[in-house]
Amino acid sequence: MRKILLLMLLIGVGVFYTLPLMAQDKTISGIVTGTDGKPLADVTVMVKGTRAATKTNSSGSYTIMARSGQVLVFSYVNYGKTELTVGAGSQGDVKMTVASQQLDEVVVVAMDIKRNPKELGFSTQTVNGNELKESQNENFVNALQGRVAGLTVNQTGGAAGASSQIVLRGFNSLALDNSPLFVIDGVIADNSTLNETSNGGSQLGLASDRANRGNDYSNRISDINPNDIASITVLKGPEATALYGSQASSGAIIITTKKAKPNGKLGITYDNAFRIQKLTRLPEVMNAYSGGTNLVPAATFSAFGPRYTGEKIYDNLHNFFETGFSQTHNLSLEYGKKNTSFRFSGSVFDQQAAIPTNTYKRYNLRLSNSTKIGKYIEITPSISFINTVNDKPLRGASGYLLNLLAWPGNDDIRDWSTASGLKKPLFNANPNADLDNPFYNVYKNRSSDKTDRFLPSFGIDINPTKWLSLTGRFGYDTYKTVGYTQYDSMSFYLTRAQKGQQDNYYRNYYGYNHTINLTAKKTIGKFNGRLMVGNMWQDYEFQQWAVVGNNLKSYSNTDSNNTDPLTRVRLSNSTKNLPNYSIRRSAAYFGEASIGWNSAIFLSYSHRFEESSIFPKDFRKYNYPAASVSIIVSDLVPGLKGKILNFWKLRGSLATTARSSSPYANQSVFNNVTTSSGGGFAYAFNNNNLYLNPEKQKTFEVGTELRFNDNRVSVDATYYNTKNSNLIVEGFRSSYATGFVLNTLNVGANKNEGVEVALNIDLLKNSKFAWNTRFNFNKMWNKVTELPSNVPEFYQSDTWTYANARGGLVLGGATTTITSYGYARNNNGDLLISTTTGLPVLDNNFRVRGDRNPDFTLGWLNSMSYKNWKLSFLWDLKVGGDIFNATERYLTTIGKSVRTYDRAMPRVITGILQDGLENTATPTRNNISITPATNQSYYTTMPEEEFIQKDVNWFRLRDLSLNYTFGSNVTKSLKAVHSLSAFITVNDLVLITNYGGADPQVNGNTAGSRGVGGFGFDFGNLGTPISINLGLKASF
Amino acid sequence: MKNKIFKYFLVSTTAILLCSCSKKIDDVYQNPNAPTRVPVEALLPHIIASMAANAEGHGTMNDIRYVGAYVQNFQYAASLSVFDEMGYNNSDVAQSTWRMHYYDIGQNNVMMIRWAEEEKKWDYAGVGQAIFAWSWLTLVDYYGEVIVKEAFNTDQITFKYDTEETAYNLVRDLCFQSLENLNKTGDNVSQANLAKGDQYFYNGDAGKWKKFVYSVLARYYNHQSNKATYKADSVIYYANLAITNNADNAMVKFAATAISGTNSFFGTFRGNLAGASTASPTAIRQGAYIANLENGTNTAFSGEQDPRAWYLLRGNTAGTIKGILPNKGQIASLPIATDRPESFYGVSQNSTSVVNTIPSTDAACRFIFRNDAPFPIITASEVLFMKSEAAFRKGDKTLALQAYTQAIDQSFDMLSTTFNVNIPVGKEITAANKMAYMSSIVPGSVAGLNLTKIMLQKYIHMFAHGVLETWLDMRRYHYTDLDPLTGQQVYKDLVVPSGSDLFIDNAGKLVYRMRPRFNSEYVWNILELQRIGATTNDYHTKPLWVVTP
């Protein structure tokens, strides 16, 4: 690495070292004051076009060398920039005003359109790209947690390459995708996660048709290089996204990439990070008892045998995990002149996770350009290439972790293979009947994905007159992913007859979209008008081949020819030698009209007309409106704006949008019935309703923005209310009178409400020390307001990960509830106890017994600087929300949970005997004593309700970053180096939680699951590791 | 100038975008992964297979295993079965008929009829309607009130139940629509083309399909024998047009290849007669009632050994034919091991416990319990028995006796031709033993004929394959109705379960209908079930409309 650094330095010295001009300079000095007339400290003063710069001291004064005619640029946080041309004298007093800042600030909203935030009638939040990068999350999505109010990231787990579910303002759809749209420089990019479910091979999914529980596939937006991101704007409400159409009904995440500055210089930056990762959060297991049943020893993984006496007990848990190591190298080159600029960036990320065999590698290359052609035209082409390779262990029910926890303490897991390298069974002669040793599992049951992705895009802006502009954004997004999962022939998850199993898939994506907008602006007196019309075209095509087979020929071959041809099962289109497809195209036309008065009141109305290939011709076209208002009260009411109150805005917006089903959800298909006499075809189970309509979403939000005390304190508060109706539910059971078993229908409705508050305070600000703190508060309520009367419970089947608990919901309840089996109780709510066993009577019905929605979340960001030091950290607080700890239930049923330790102690369960008197005035209290050690049913029959932990809180230090910028004495000695800094970033260092499991950040499914998904389901979930990153950053 | 170019550019771009989009969108609407429309010829095989039992195991054969216990064709090998007790299971057990009608035949048939009419393949449309007429009748007699008017509406999630009469009317209408289509020639009607889909039923013979429709009509009129509107003449009229010769028998045939689903549901390959759990008691044996009818114990045919016995039933080590009592199981019913009948797979039951082994081949199996045995849907004999009963009720006893004689004759012939496989040596039907039996069973004059004789001979003929129809017959006679002529039970010697042998929810009453399919109706259409009173514990004992006056 050092060599590269040295090389960079040499290049810098050799080519770009220029001597500053010294002639005719004179000293300019002055005092910089704020709106209140008080001096401002720490204002940066630069001589335009040179590198000469200084800062004001605590009394606001500065001195700098400049020539007459040169321009001094004063910049200060919250004030923006003020310029002063050097005249004949040497005096340079400047009064900076807040107003100037308002002209500079822009926010990128839909369609890559830059807007003055003043005009916006809806809430947006912007995160600086460097801040994301500094947090050292290779999947930048994870860095958004806590940084944006109303944005929730549910990570699948701590494995390398894990997917993350992103949700803005709660779950609007019960059965469809709730993830927001990702837009890079005005072009839509794919963020899908492979959904394993193929519905019997008729859809994309895997040929083995799985339920998104046992493996993981990256969410594809994680391909993006964090180093290319200049900023991210999160558009949470559908008003903001009304212009993006139905796909953005769950919000949009707008990424703006870094661009080169046209300053005529070559800028080179290089940075790196070296990370070590350690898993410290693991579920507790108890190794006191040997295998057996009711104290009788037996050769079994179920640890209900006698206590170990004097045997060697291994610390298997800690012998398994390794210290993870990863490294990142980022290089970027920028060069720009007056009419054209280029930026090239390259990045390497190479991770070896804490789990053996778990690796993730990513290479990114990107080249972007901006060129002015003639007077009116500017083009911005770019191209990115990404290559990722993810080797990943299985997770959940067939993963290494549960077996690691279940492993008998007296056996050393490291001794997992026979002399010939095969699985060494512990208890069963038949290796397939014996649980997989975790090492065996990670080494022999392998899974990997490889992706190559290209993202070329092209932007054009034509401004023939001052009032008219035409913009076009054209983007192509294509990737090929090749992946496999191989189960060894001796694996517990297969039968001996299967002789191994291998799933292969080949997934191609071709996405094209463009938007073309024509905008006209006109000012008449105090009125500002803006009219935009536009067109959008989207064409997304997935192709997937998938095959699963048994009887593996080789353990090293991972190609699909490794399986026995007679055992292969493929997706439906394979009979035609074609892949399965999922293609959606849509055209949209939209318009937006806004009018502003005196820069204080802004009204805007937009309407979108959409035509989508998902619906049949007759009802393919639909449209929806949106409107918003923004009032700058502080500018409107004279005398309001002053020393204390600097700015006050009121805003409101309402919008309707639509959400469509997945392609072909309205077309019932025939299955081949070669298995019947005469063959032919018959309808599959699914009634794919031809008359399906898009889901309807109606939202309004009101909000306010206030800034106080020289903009040092700012508050942005929003209340939103979203009503979703006509919800599409796919694979929904109903009477067979439809002619089918499963149905796709428009049923049900729900509601999401929430309050988001962002508070920003400059606690301290002087020449040496600055401290900014930011709070992002989020509270959500959600409710199922309509379900058909014949549906007692609706559940997303993927979430049914273990035993009898699942993400079920009922009418009038929250959308995030957990339904499960539980205890039977009398009218008084006491546990009912069986008169024959002395054990609780169970209520084997799926009832609501938990809600995963937190009471509130709070992200707390701090950034401090002192001289050359910069410290920033993010605390993430979550209060409330329930978790189904399936891991704990599993460990309890096999006697490995700590709760089973005191099993020898006789006890009487508190409750009422079910003797017929339980609901009378004189119920019989339970008096039956049981000893779990000899009556293990006490543990094995504990219902799921027992393991739904209520009100789980966390307070975690997501990231902590300390940065030191070397002073000019160091950089000067390095000649070409313009700036040099070093940093240390620690992720997830502190976790304070009341959760009984390892880490409450859990998800039982991948981000490929639809609907609410599996967050809050902990089954063999790996906790978040602690990561320590060290690195250097240099610019030349 | 620049502005002009800009305007042209704008106008032309917009124009291009506008006209090409709609077409491109329409191009990708159709599901490319699986067909949304298939040829009608490819739909019929599965529909036909579902009448018996398709590859997924759904069709009437599936339910016959349980209903056979109601009518005492079969009893459970072990003791205590809810079906021996005339009860039910709160599950999808014995609920295949619901699925067969609404799903397995269901939309496949709806679309086959629609597309056949579009393509002017009138024969396919007629066959589809014929099958629907049959399956609606089967369904309504099985469940009583069912969903008729709202059925097959894919845009609904709850469905209203209609009266049985509504379903009955639909059956009649479908029959006439079917006949109209089957009578058509020209257009795209072709026997060779119909045979493509019909290979395993009538092999494209539309004439036979018409006879099938007339047979359904005969059933339709015959079922209404308790009604004031009963028309014996109509039964006779349609019976005369219907299947009256074994050559025209409506049977589902099986390809019986190495793929399990192409074999008979009752054969050893699919092994569906070994369910040893009381929740799904499919380890069935012949009931004592049928055995006694065949071995001459039943007082209706005292002393007459039926030569058909060794075709229909299983012998025992003692060389006799005996059966099992309802709810007692074979051990208690027949304490002497050598008396216990073999299983239908030919496995000896001499052991101290029930043996439910599935042999690797069907070499020891007979009748419809073989892998390649066709499964009768409607037979000539059944039609003739209907004619006989109707004529008898009408008072035309000469015709009744004539039809009765023909019916028994056809019954013998069906066994000695189609099912003449694996019969023990010396137990074959011969002209002589058939003649001997018939001369005893068939009275010499009309005075000797009575309903008991007609219904019990029909009962014997319908054994195992015609269970659902037998159930309706017995319900028409309310199981224990008396023959006005003899003052004896029509189903002579039939002992219906009582006391602890009758399911507790029945509250002393006998079973008259099946409760609608659990995972379709009780879970997802419960409000409508509440409305029609199907949520009471004894709903299954509510007599059908068709068997009440």
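Quick summary incoming for the structure in this document. (Residues numbered from 1 in each chain as written. Chains lettered and ligands numbered in written order. Predicted model: local features only at pLDDT ≥ 70, side-chain atom pairs only at ≥ 80, totals over all residues. Heavy atoms only, no water.)

A short note on the overall build of chain B
Thinking step 1. Of the regular secondary structure elements, chain B holds 19 helices and six strands.
Thinking step 2. Since a compact globule built from 549 residues should have a radius of gyration of about 24 Å, the 26 Å found for chain B is in line with a globular shape.
Thinking step 3. Projecting the C-alpha coordinates of chain B onto the three principal axes gives extents of approximately 115 × 50 × 50 Å.
Thinking step 4. Expressed as a percentage of its 549 residues, the buried residues of chain B come to 61%.
Thinking step 5. Long-range pairs, those at least 24 residues apart, make up 74% of the contacts in chain B between residues at least 6 apart in sequence.
Thinking step 6. For chain B, the computed accessible surface area is about 18,600 Å², with 55% contributed by carbon and sulfur atoms.
Thinking step 7. Within chain B, one finds 49 positive and 50 negative side-chain charges whose respective centroids are separated by 4 Å. (Helix = DSSP H or I, 4+ residues; strand = E, 2+ residues; numbered from the N terminus. Rg over C-alpha atoms; globule rule 2.2 N^0.38 Å. Buried < 20%, exposed > 50% of the residue type's maximum accessible area, 1.4 Å probe, protein only. Contact = heavy atoms within 4.5 Å. Areas by Shrake-Rupley, 256 points an atom, 1.4 Å probe, with all protein chains shown as cover. Lys, Arg positive; Asp, Glu negative; His and termini not counted. Charge placed at Lys NZ, Arg CZ, Asp CG, Glu CD.)

Looking at the pairing of strand E23 (residues 377-391) of chain A
Sheet faces and side chains relate simply in a regular strand, where the side chains alternate between the two faces.
Residue and element names in this part refer to chain A.
Thinking step 1. In this sheet, E23 lies alongside strand E22 (residues 359-373) in antiparallel orientation, the contact comprising 13 bridges. The partner of Thr 359 across the bridge, within E23, is Asp 391.
Thinking step 2. From the end of E22 to the start of E23, which pair antiparallel, there are three residues, and Gly 374 there has a positive phi angle of about 65°.
Thinking step 3. Sheet topology note: the E23/strand E24 (residues 446-462) ladder contains 15 bridges and is antiparallel. If you follow Asn 387 over to E24, its bridge partner there is Asp 452. (Pairing = 2+ DSSP bridges.)

Let's talk about the side chain of A:Arg585
Thinking step 1. By secondary structure assignment, the location of A:Arg585 is in strand E29 (residues 580-597).
Thinking step 2. Within the structure, the side chain of A:Arg585 is placed 3.0 Å from the side chain of A:Asp539, a separation counted as a polar contact.
Thinking step 3. At 2.8 Å, the side chain of A:Arg585 forms a polar contact with the backbone oxygen of B:Lys24. (Polar contact = N/O pair within 3.5 Å; in protein donor to acceptor, adjacent residues only side chain to side chain.)

Looking at the pattern of salt bridges
In a structure, side chains of opposite charge can pair up when their charged atoms sit close to one another.
Thinking step 1. Under the definition given, this model contains 78 salt bridges over all chains.
Thinking step 2. The partner of B:Asp473 in a salt bridge is B:Lys458, with the nearest N and O atoms 2.9 Å apart. Pair noted here: B:Asp473 is in helix H17 (residues 467-476) and B:Lys458 is in helix H16 (residues 451-461), with a separation of 15 residues, a long-range link.
Thinking step 3. A relative accessible area of 2% places B:Asp473 in the buried class.
Thinking step 4. A relative accessible area of 1% means that B:Lys458 is categorised as buried.
Thinking step 5. Linked through salt bridges whose partners overlap, the residues forming this network are A:Arg169, A:Lys236, A:Lys649, A:Arg651, A:Glu701, A:Glu705, A:Arg707, A:Asp716 and A:Glu756. (Salt bridge = Lys/Arg side-chain N within 4 Å of Asp/Glu carboxyl O.)

Re the packing of helix H5 (residues 122-143) of chain B against H17(B)
Residues and elements named next belong to chain B.
Thinking step 1. The geometry of H5 relative to H17 is characterised by a closest axis approach of 10 Å and an angle of 50° between their N-to-C directions. Here H17 runs oblique to H5, going by the angle between their axes. Pair H5 / H17 crosses with left-handed handedness. Contacts from Thr 138, Asp 141 and Tyr 142 of H5 reach H17 at Leu 468, Trp 471, Leu 472 and Arg 475. (Axes fitted to C-alpha atoms, helices over the stretch in contact; angles between N-to-C directions. Parallel < 35°, antiparallel > 145°, perpendicular 65-115°, else oblique. Left-handed = near helix turned anticlockwise from the far one by under 90°.)

What to know about the sheet that holds strand E58 (residues 1017-1018) of chain A
Residues and elements named next belong to chain A.
Thinking step 1. The strand order across the open sheet built from three strands is E54-E50-E58, with neighbouring strands paired in mixed fashion. Either end of the sheet is taken by a strand with one partner, and the two such strands are strand E54 (948-949) and E58.
Thinking step 2. Relative to E54, strand E50 (residues 883-885) runs antiparallel, the two sharing two bridges. Across the sheet, Ile 883 pairs through a bridge with Gln 949, a residue of E54.

Description of helix H9 (residues 886-893) of chain A
All names here are of chain A.
Thinking step 1. In terms of residue burial, H9 counts as a mostly covered element, since eight of its eight residues are buried.
Thinking step 2. Ala 886, Thr 887, Glu 888, Arg 889, Tyr 890, Leu 891, Thr 892 and Thr 893 are the residues of H9 that are buried.
Thinking step 3. Along its buried surface, H9 packs onto helix H6 (400-406), E50, helix H10 (937-940) and E58.
Thinking step 4. Remark: Gly 895 follows H9 within two positions and exhibits a positive phi of approximately 70°.

Quick look at the side chain of B:His461
Residues and elements named next belong to chain B.
Thinking step 1. With respect to the helices, strands and loops of the structure, His 461 is situated in helix H16.
Thinking step 2. Here His 461 falls in the buried class, since its relative accessible area comes to 3%.
Thinking step 3. Here Ser 411 takes part through its side chain, which lies 2.9 Å from a polar atom of the side chain of His 461.
Thinking step 4. For His 461, the contacting residues outside a window of four places in its chain are Thr 379, Ser 381, Glu 382, Phe 385, Ser 411 and Met 414.

Regarding unusual backbone geometry
Thinking step 1. For A:Asn294, which is not glycine, the phi dihedral falls at a positive 50°.
Thinking step 2. Looking at the secondary structure, you find A:Asn294 in the loop between strand E18 (292-293) and strand E19 (296-297).
Thinking step 3. With a relative accessible area of 29%, A:Asn294 lands in the partly exposed category.
Thinking step 4. With a phi close to 65°, B:Gln72 is a non-glycine residue in the positive phi region.
Thinking step 5. Structurally, B:Gln72 can be placed in the loop between helix H3 (60-70) and strand E1 (74-76).

A closer look at the packing of aromatic side chains
Thinking step 1. All told, the structure shown has 86 aromatic pairs over all chains when counted by the stated rule.
Thinking step 2. Ring centres 6.1 Å apart and planes at 90° place the aromatic pair B:Tyr102 and B:Trp136 in the edge-to-face group. With B:Tyr102 in helix H4 (residues 96-118) and B:Trp136 in helix H5, the pair connects residues that are 34 residues apart, well separated along the chain. Residues B:Tyr102 and B:Trp136 agree in their burial class; the two are buried.
Thinking step 3. Ring geometry for B:Phe266 versus B:Phe375: centroids 6.4 Å apart, planes at 85°, classification edge-to-face. One end of the pair, B:Phe266, is in the loop between strand E2 (250-252) and strand E3 (276-277); the other, B:Phe375, is in strand E6 (residues 375-378), and 109 residues separate them in sequence. Accessibility classification places B:Phe266 together with B:Phe375 in one group, the buried group.
Thinking step 4. Feature note: the residues B:Tyr66, B:Tyr70, B:Phe83, B:Trp98, B:Tyr102, B:Phe132, B:Trp136, B:Tyr142, B:Tyr143, B:Phe152, B:Tyr161 and B:Trp471 constitute an aromatic cluster, connected by ring pairs.
Thinking step 5. Positioned above the aromatic ring of A:Tyr289, the side-chain terminus of A:Arg307 is 5.4 Å from the ring centre.
Thinking step 6. The aromatic ring of B:Trp122 is capped on one face by B:Lys184, whose charged end is 3.8 Å from the ring centroid. (Phe/Tyr/Trp six-rings, centres within 6.5 Å; stacked < 30°, edge-to-face > 60°. Lys NZ or Arg CZ within 6 Å of the ring centre and 35° of its normal.)

Purely geometric numbers; function is a separate question.
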